[in-house]
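# Fold and contact review
These are the residues of each chain, in order.
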Amino acid sequence: MLHLHHLANSRSFRILWLLEELGADYKLTCYERNKAYRAPDSLKQVHPIGNAPILEADDRVLIESGFIIEYLIKHYDKEKQFKPDDNNEAAWEAYTFWLHFAEASLMPLLVMRLVFTKVVSQSPMLIKPISKKIQGQIEKT
Ligand SMILES: N[C@@H](CCC(=O)N[C@@H](CS)C(=O)NCC(=O)O)C(=O)O
């Protein structure tokens, strides 16, 4: 039995998407972010790390989106839709490259953009133009 603990506006959407693509039978629990845009404390009851995604799978509690993706593809990709063919080096390279690129290179940029967007939107009115300017400068680099 698969049970995804999904946080709104988060990378756990990737797992939700994959479960749908796999046609897997799964249970879904959705969590809303709190006022500080953090995961609610209730997620810590599922796993002490308290962030998303968390997947309960085969009597285990899995964390780390890249690992969860690999696990699902290994054990639940029955039609071999996504699993790269062992004899096709180019397919394996493309699969492995994009899996790691998403977390290692793309995600830090997206998180930085999110943080700056929050800094600007939560800045007091008087300093908003300054924080917006800082955001603009950083995004240019
Ligand atoms: N490296 C982890 C990162 C997990 C992570 O930081 N998740 C974010 C959502 S994208 C989260 O739960 N943030 C809320 C919080 O930390 O309070 C993964 O890929 O699963």
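Throughout this document, residue positions are counted from 1 along each chain, in the order its sequence is written. Local features in this predicted model are restricted to residues whose pLDDT is 70 or higher, and side-chain atom pairs enter the listing and the counts only when it is 80 or higher, whereas totals over whole chains, interfaces and linings include all residues. The side-chain quantities take in all heavy atoms of the structure and omit both hydrogens and water.

Turning our attention to the site of the ligand. Around the ligand sit Leu7, Ser10, Arg11, Arg33, Arg38, Ala39, Asn51, Ala52, Pro53, Glu64, Ser65 and Glu103, and those are all the residues in its vicinity. In this structure, an oxygen atom belonging to the ligand sits 2.7 Å away from a side-chain N or O atom of Arg38. Between N or O atoms, a polar contact is any pair within 3.5 Å; within protein, one atom must be a potential hydrogen donor and the other a potential acceptor, and residues adjacent in sequence are included only when both atoms are from side chains. One nitrogen or oxygen atom from the main chain of Ala52 is found 2.7 Å from a nitrogen atom belonging to the ligand. When atom positions are compared with the pocket grids, the ligand is found to occupy the largest pocket. Note on terminology: near, applied to a residue and a molecule or strand, indicates that one of the residue's heavy atoms is within 4 Å of it. Here a cavity is any set of points on a 1 Å grid over the protein atoms alone where a 1.4 Å probe fits but cannot get out, and a pocket is any open set with protein on both sides within 12 Å along at least 5 of 7 lines; a residue lines the site when it has an atom within 4 Å of a point. Assignment to a cavity or pocket requires that more than half of a molecule's atoms be within 2 Å of the site's grid points.

This paragraph deals with the sheet that holds strand β4 (residues 60-63). Spatial strand order, β2-β1-β3-β4: four strands in an open sheet with mixed pairing. Strand pairing shows two members of the sheet lacking a second neighbour, β2 (26-31) and β4, which therefore form its edges. Taken pair by pair, the neighbouring strands of this sheet meet at an average axis angle of 20 degrees, ignoring direction. Only when DSSP finds a minimum of two bridges between them are two strands counted as paired. Numbering goes from the N terminus for both helices and strands, where a helix is a DSSP run of H or I of at least four residues and a strand is a run of E of at least two. Here four bridges tie strand β1 (residues 2-7) to strand β3 (residues 54-57), and the two strands are oriented antiparallel to one another. The residue of β3 that forms the bridge with Leu4 is Leu55. On top of the sheet, helix α1 (residues 12-22) reaches β1, β2 and β3; it is set at about 145 degrees to β1, its chief contact. To get an axis, fit a line to the C-alpha atoms, keeping to the stretch in contact for a helix; angles then go from 0 to 180 degrees between the N-to-C directions. Contact criterion: two residues are considered in contact whenever any of their non-hydrogen atoms come within 4.5 Å of each other.

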